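Overview (structure and organization)
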Amino acid sequence: MSLFAQPEPEDHAAGPVPLAERMRPRTLDESVGQEGLLGPGKPLRVQIERDEMGSMILWGPPGCGKTTLARLIARQTHSEFVAFSAVLSGIREIKDVMTAAERARRGGKRTIVFIDEVHRFNKAQQDAFLPHVEAGNITFIGATTENPSFEVIAPLLSRTRVYALEALSTEQIGGLLRRALGDSERGLGNEKLALAEGVVERIAIFANGDARAAYNTLEAMARAAAPDAEGRRAITEELLSQTLQRKFLQYDKSGEEHFNLISALHKSVRNSDADASLYWLARMLESGEDPLYIARRLVRMASEDIGLADPAALGITVAAMQAADFVGVPEGNLALAEAAVYLALAPKSNALYTGYGQVQSDIAETVSEPVPLHLRNAVTGLMKHQGYGRGYQYAHNDAEKITDMSCLPESLSGRQYYLPTDQGLEQRLRARMEEIRQIRARRKSEKS
């Protein structure tokens, strides 16, 4: 389908086309945001203006202008524009379009194939584009909200250039909304809207960088506002609150933002930043994250980053997990918040984490020696005859409850894995370990 076969914006105004679609920029100069890519003299803009475009992947959050940019490129380069949806298109549709694109190329016409949500295409679907990108039959433009490194197959990545787009700022979205309010041709300039002070700013803030969400909110308010006797529609704070309901938070439970936010929470806890910990926890919960997923991660933090510096941390996180599961949302969120703040303020130690890692390394890199005979139980006469349990020293029979018996395999004898820090309870544990070491050294000296 040709880009220029589509109705022009002025025809849209009278139809049921959404405001966000009607207000799409028609030129690069009309576009807002992405100055690092599309500003005057920037490489991507220069390539577009010189008609020297190659295949690319546009990576960015919702509503930042990925589809708009693809259409602008097609318009600027006078190319056929074919849009695919990963949800609706299969291998057959791809092959049909590729055949038509090859014929168009022979006739001197270039085709831009735009793949929205390319991360939803499976490997076979992505593979279907490769020979046509390689042969130059099409210019491939994929759009994704997910990190292409994980979601796009390597052969396709190697044949494209990835451009990272940024979410629009609150000021930029406010400017777009004001443009729509004043545009009588494509926007709402003929609607006689009277907006209360600060409404545009609040819509922009709540859109959270998503221009499409901002346009949709403004349009919904315009439709919901009842006209007065003179036809004016008042957009009040009360109407705004009813329309918004809640903030548009960018989040995908299985996507990169999911991992970005949990990483921010974990690192804030580790850095003893209670305020940041509370913020990132709330960001995840308010975005709809499963509270039990967060609870499991808090339990992990209690063992990994606090450990025996404050053993109570583990119990608190387990209790928070049980409370969140028992009470449910939203009341249970406070139990998770309590645990997160406690973890952030607790003394920190990764001694257990690093010690366990060293044990794993030794297990992987050394021979699995048999358990020393003196540590085995002689449950039969034959076992006793073979030496099971011989030389075992029962610690409770010793006045100090400590013996000089080695409990590690012979090749690892004397190895230290757990090295307590000076934080919290571990300071006392470190002193106790040193005391035990000295007692054992004395016992060995006395025997010799």
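Computed from a predicted structure; not experimentally measured. (Residues numbered from 1 in each chain as written. Predicted model: local features only at pLDDT ≥ 70, side-chain atom pairs only at ≥ 80, totals over all residues. Heavy atoms only, no water.)

A word on the overall build of the protein chain
Helices and strands together make up the secondary structure of the protein chain, namely 22 helices and seven strands. Computed over C-alpha atoms, the radius of gyration of the protein chain comes to 32 Å, more than 25% over the 22 Å expected from 2.2 N^0.38 for 448 residues, which places it beyond the range of a compact globule. When each of the 448 residues of the protein chain is scored for burial, the buried share is 41%. Within the protein chain, contacts between residues separated by at least 24 positions form 72% of all contacts whose residues are at least 6 apart in sequence. When the accessible area of the protein chain is evaluated, it comes to approximately 24300 Å², of which 53% is carbon and sulfur surface. Taken together, the 53 basic and 59 acidic charged side chains of the protein chain have centroids lying 5 Å from each other. (Helix = DSSP H or I, 4+ residues; strand = E, 2+ residues; numbered from the N terminus. Rg over C-alpha atoms; globule rule 2.2 N^0.38 Å. Buried < 20%, exposed > 50% of the residue type's maximum accessible area, 1.4 Å probe, protein only. Contact = heavy atoms within 4.5 Å. Areas by Shrake-Rupley, 256 points an atom, 1.4 Å probe, with all protein chains shown as cover. Lys, Arg positive; Asp, Glu negative; His and termini not counted. Charge placed at Lys NZ, Arg CZ, Asp CG, Glu CD.)

Some remarks on the environment of threonine 380
Within the element layout of this structure, threonine 380 appears in the loop between helix 20 (351-365) and helix 21 (381-385). A C-alpha to C-alpha distance of 87 Å links threonine 380 and arginine 75, two positions 305 residues apart in sequence.

Quick look at helix 5 (residues 66-76)
Counting buried positions along helix 5 gives eight out of 11 residues, so the element sits mostly inside the fold. Of all the residues in helix 5, the buried ones are Lys66, Thr67, Thr68, Leu69, Ala70, Leu72, Ile73 and Ala74. Buried residues along helix 5 sit in contact with helix 3 (35-38), helix 4 (43-49), strand 1 (56-59), strand 2 (80-85), strand 3 (111-116) and strand 4 (139-144). At the exit of helix 5 stands histidine 78, carrying a positive phi of roughly 55°.

Describing the side chain of serine 277
Structurally, serine 277 is set in helix 16 (residues 274-286). We classify serine 277 as buried; its relative accessible area is 0%. Reaching out from serine 277, the side chain makes a polar contact with the backbone nitrogen of valine 269 at a distance of 3.3 Å. At a separation of 2.7 Å, a polar atom in the side chain of serine 277 contacts the main-chain carbonyl oxygen of aspartate 273. Once residues lying within four places of it in the same chain are set aside, the contact partners of serine 277 are Leu265, Ser268, Val269, Ala340 and Ala344. (Polar contact = N/O pair within 3.5 Å; in protein donor to acceptor, adjacent residues only side chain to side chain.)

With respect to the pattern of salt bridges
Enumeration over the complete set of coordinates arrives at 29 salt bridges. Where arginine 120 meets glutamate 117, a salt bridge forms, and the shortest distance between an N and an O atom there is 3.0 Å. The exposure class of glutamate 117 is partly exposed, given its relative accessible area of 27%. As a salt-bridge pair, glutamate 201 and arginine 178 come within 2.2 Å of each other at their nearest N and O atoms. (Salt bridge = Lys/Arg side-chain N within 4 Å of Asp/Glu carboxyl O.)

Quick notes on the packing of helix 12 (residues 199-207) against helix 13 (residues 211-224)
Direction vectors running N to C along helix 12 and helix 13 enclose 135°, while the axes themselves pass 9 Å from each other. Accordingly, the angle class assigned to the pair helix 12 and helix 13 is oblique. For helix 12 against helix 13, the interelement crossing comes out right-handed. Within the contact between the two elements, helix 12 uses Val199, Ile203 and Ala207 and helix 13 uses Ala214, Thr217, Leu218 and Met221. (Axes fitted to C-alpha atoms, helices over the stretch in contact; angles between N-to-C directions. Parallel < 35°, antiparallel > 145°, perpendicular 65-115°, else oblique. Left-handed = near helix turned anticlockwise from the far one by under 90°.)

What to know about the packing of aromatic side chains
As enumerated under the stated definition, the model contains four aromatic pairs in all. An angle of 50° between the planes, with centres 6.0 Å apart, marks the rings of phenylalanine 121 and phenylalanine 129 as tilted. The exposure class of phenylalanine 121 is buried, given its relative accessible area of 3%. Members of the aromatic cluster, each reached through a chain of ring pairs, are Phe121, Phe129 and Phe140. A cation over a ring is seen here: arginine 376 above tyrosine 388, with NZ or CZ 4.9 Å from the ring centre. (Phe/Tyr/Trp six-rings, centres within 6.5 Å; stacked < 30°, edge-to-face > 60°. Lys NZ or Arg CZ within 6 Å of the ring centre and 35° of its normal.)

Describing the nonpolar core
Ranked by internal contacts, the top residues of the largest apolar core, which has 26 residues, are Leu177, Ile203 and Tyr215. It is helix 13 that contributes the most residues to this core, six residues altogether. With residues up to four places along the chain from it excluded, the contact list for isoleucine 203 reads Leu177, Ala214, Thr217, Leu218, Met221 and Leu240. (Core = buried A, V, L, I, M, F, W, Y, C linked by side-chain atoms within 4.5 Å.)

A look at the confidence of the model for the protein chain
Averaged over all residues, the pLDDT of the protein chain equals 86, while 93% of them reach at least 70. Contacts from residues 1-15, a stretch scored under 50 in pLDDT, to residues over four places away or in other chains number 29 contacts. (pLDDT = per-residue confidence, 0-100.)

What about the pairing of strand 1?
Bridge analysis of strand 1 against strand 4 gives four bridges, and the strand direction is parallel. Each residue of the ladder has a partner; that of tryptophan 59, found in strand 4, is threonine 144. Note: strand 1 against strand 5 (residues 161-164), four bridges, orientation parallel. Bridge assignment links tryptophan 59 to a residue of strand 5, and that residue is alanine 164. (Pairing = 2+ DSSP bridges.)

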